[in-house]
Amino acid sequence: TPTAYQVYQLLLESAAGNTLKKRMLSLRAWSLEAEQGRYADLITYYTAYHAYRSMDYDMAFDTIAEYEQKYSSYLDRAQMLKALCYTQKNQTPEAIKALKALEATWRGSPVLPEAMFLRAWLCIQTGDKKEAKAVLQELIQSHPETESARKAKQALITIAESEDRS
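Everything in this summary refers to the structure shown in the same document. (Residues numbered from 1 in each chain as written. Predicted model: local features only at pLDDT ≥ 70, side-chain atom pairs only at ≥ 80, totals over all residues. Heavy atoms only, no water.)

### A look at the packing of aromatic side chains
How we decide: In this scheme Phe, Tyr and Trp rings, the latter by its six-membered ring, pair at centre separations within 6.5 Å, and the angle between planes marks the pair as stacked below 30 degrees, edge-to-face above 60, and tilted otherwise. Where helices and strands are cited, they refer to DSSP runs of H or I of at least four residues and of E of at least two residues respectively, numbered from the N terminus. Partly exposed residues are those whose accessible area sits between 20% and 50% of the maximum for their type, while under 20% is buried and over 50% is exposed, using a 1.4 Å probe and protein chains only.
Going through the model one piece at a time under the given rule, you end up with 12 aromatic pairs. Their ring planes at 10 degrees and their centres at 6.2 Å tell us that Tyr5 and Tyr8 sit as a pair that is stacked. Remark: Tyr8 and Tyr5 occur in helix 1 (residues 4-13); sequence separation between them is three residues, near one turn of the helix. Both residues of the pair, Tyr5 and Tyr8, belong to the buried class.

Structure below.
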């Protein structure tokens with residue numbers, strides 16, 4: 001069974017337009033009309049995701065902003081995608097702010113453990129090891145059975161080892 005993103009990619013291949021950006025815009029326009037816009041939220045989200053994967057972060061930001069205004073599903077994923085775009089554009093303070101907002105708003109989200117790990121990693125990148133350790137410990141405590149918690153445990157070991165060498 002194809003994933004929703006794979007279906008999006010298939011639709012994108014047959015969308016009108018001679019550039020990727022034009023095909024993405026064409027597909028979004030189609031989604032607003034098809035079946036009374038039934039799939040517009042998914043198509044809009046995956047347009048932002050595809051723009052991110054294509055390294056068109058400005059288009060991703062614009063699409064996420066529109067998504068946040070119009071739709072209520074996948075807002076946690078849209079917030080994570082925004083943080084990833086900020087990260088790729090080396091806008092670390094904005095990325096951390098977006099991740100904190102995700103954590104505060106979407107406590108039950110399936111993307112929360114990875115968002116917490118990303119925030120800890122960004123804190124390490126900015127030299128805030130104290131905050132990174134606190135986030136990693138919270139991640140391990142609140143989501144112990146996740147892959148992100150496993151990575152968090154290893155990150156704490158690595159941080160401790162680096163502090164011992166200092």
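There's plenty left to go through after this.
### Describing the pattern of salt bridges
The cut-off we apply is this: When a carboxyl oxygen of Asp or Glu lies within 4 Å of a side-chain nitrogen of Lys or Arg, that pair is called a salt bridge.
Taken as a whole and assessed by the stated rule, the structure comprises 12 salt bridges. Among the salt bridges present, the one from Glu66 reaches Lys70, with a minimum N-O distance of 3.1 Å. Here Glu66 and its partner Lys70 are both found in helix 4 (residues 57-70), four residues apart, which amounts to about one turn of the helix. Taking the shortest distance from any N to any O, the salt bridge between Glu103 and Arg119 comes out at 2.8 Å. Taken as a pair, Glu103 in helix 6 (residues 92-105) and Arg119 in helix 7 (residues 112-125) lie far apart in primary sequence, 16 residues in all. Owing to a relative accessible area of 5%, Arg119 belongs among the buried residues under this scheme. Connected through salt bridges with shared partners, the residues Arg28, Glu66 and Lys70 form a single ionic network.

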